[in-house]
Amino acid sequence: MTRGRAAGPPLTISDIHAVVGIRLARHDYRYTHSRRRLVDVIAAAGQPVTLPDIVEAAPELAQSSVYRNLDVLERSGVVDRIASSGDHAHFEFAEPLLSHHHHLICMDCGAIEDVQLDDDVEELVDRSLAEVASRAGFTPRRHSLDLHGSCADCD
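First, a word on what this report is: a plain description of the structure on this page.

Reading the values: rules and limits
Residues numbered from 1 in each chain as written. Predicted model: local features only at pLDDT ≥ 70, side-chain atom pairs only at ≥ 80, totals over all residues. Heavy atoms only, no water. Helix = DSSP H or I, 4+ residues; strand = E, 2+ residues; numbered from the N terminus. Rg over C-alpha atoms; globule rule 2.2 N^0.38 Å. Buried < 20%, exposed > 50% of the residue type's maximum accessible area, 1.4 Å probe, protein only. Contact = heavy atoms within 4.5 Å. Areas by Shrake-Rupley, 256 points an atom, 1.4 Å probe, with all protein chains shown as cover. Lys, Arg positive; Asp, Glu negative; His and termini not counted. Charge placed at Lys NZ, Arg CZ, Asp CG, Glu CD. Pairing = 2+ DSSP bridges. Axes fitted to C-alpha atoms, helices over the stretch in contact; angles between N-to-C directions. Expected span 1.5 Å × (residues − 1). Arc of directions from axis to C-beta. Polar contact = N/O pair within 3.5 Å; in protein donor to acceptor, adjacent residues only side chain to side chain. Core = buried A, V, L, I, M, F, W, Y, C linked by side-chain atoms within 4.5 Å.

1. What to know about the overall build of the protein
Looking only at helices and strands, the protein has five helices and six strands in total. Secondary structure elements of the protein, listed N to C terminal, follow the sequence α-α-β-α-α-β-β-β-β-α-β. At 17 Å, the protein has a C-alpha radius of gyration in line with the 15 Å of a compact globule built from 155 residues. The buried share of the protein, reckoned over its 155 residues, is 32%. Taking the intrachain contacts of the protein between residues at least 6 apart in sequence as the baseline, contacts between residues at least 24 apart amount to 53%. Carbon and sulfur atoms make up 51% of the accessible area of the protein, which totals about 9400 Å². In the protein, the 15 positive side-chain charges and the 25 negative ones have mean positions that sit 12 Å from each other.

Right, dumping it as structure tokens:
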């Protein structure tokens, strides 16, 4: 299984735009002004964002356009959708735009916190999942681990 980008200096916005352009082109999508603006908003947020967060940050983008473009970015492997117990899904850049990480998701308020596991633990998870996948005749590509519970504010 691949774990995305190794930890290191974060990608610049120019690097992000270059990777997004390549991923969209691979799926025969154009990198339009609206998609570029959407990528800028996600990058500036620095954390998973919801559709309302995006519309608030970029009111010039119509909500229906943001929704359609998020779908295109998700299908192209640019963003990942994170389901939470809140009213809205959250979106963040997919690997390798972000380093490999997991999430703590509050089931009460919907807050999401990124967490990184120790390398030894991550390797153990990878090996365990690879063994399960092998027994099932399944070819793993990546994994995600979301821990659902209550955050300190809601506990």
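From this point on, the discussion continues.
2. Notes on the sheet that holds strand E3 (residues 90-93)
Read from one edge to the other, the open sheet built from three strands follows the order E1-E3-E2, with strand pairing classed as antiparallel. If you trace the sheet from one side to the other, it starts and ends with strand E1 (49-50) and strand E2 (79-82), each paired once. In the sheet, E2 pairs with E3 via four bridges, with the strands oriented antiparallel. Paired with valine 79 across the two strands is phenylalanine 93, which belongs to E3. Here helix H2 (residues 33-45) sits on the sheet in contact with E1, E2 and E3, set at roughly 90° to E3.

3. Quick notes on helix H5 (residues 119-135)
Under the 1.5 Å per step criterion, the end-to-end length of H5 is 24 Å for 17 residues, consistent within 8% with the ideal 24 Å. All of the buried residues along H5 are Glu122, Asp126 and Ala133. For H5, the angular spread of the buried residues around the axis is 40°, confining them to a single face. Residues of H5 that are exposed and angled more than 90 degrees away from the buried face: Asp120 and Arg135. Buried positions along H5 lie against strand E4 (102-106). Its side-chain oxygen 2.7 Å from the backbone nitrogen of aspartate 120, aspartate 118 forms the N-cap of H5. Two residues or fewer after H5 comes glycine 137, characterised by a positive phi angle close to 70°.

4. Looking at the nonpolar core
Judged by nonpolar contacts, the single largest core of 22 residues is most densely connected at Val20, Leu70, Leu73 and Phe93. Among the secondary structure elements, those contributing two or more residues to this core are helix H1 (13-26), H2, helix H3 (51-57), helix H4 (63-75) and E3. In this view, leucine 70 contacts Leu38, Ile42, Leu51, Ile54, Val79 and Phe91; residues no more than four positions away in its chain are not counted.

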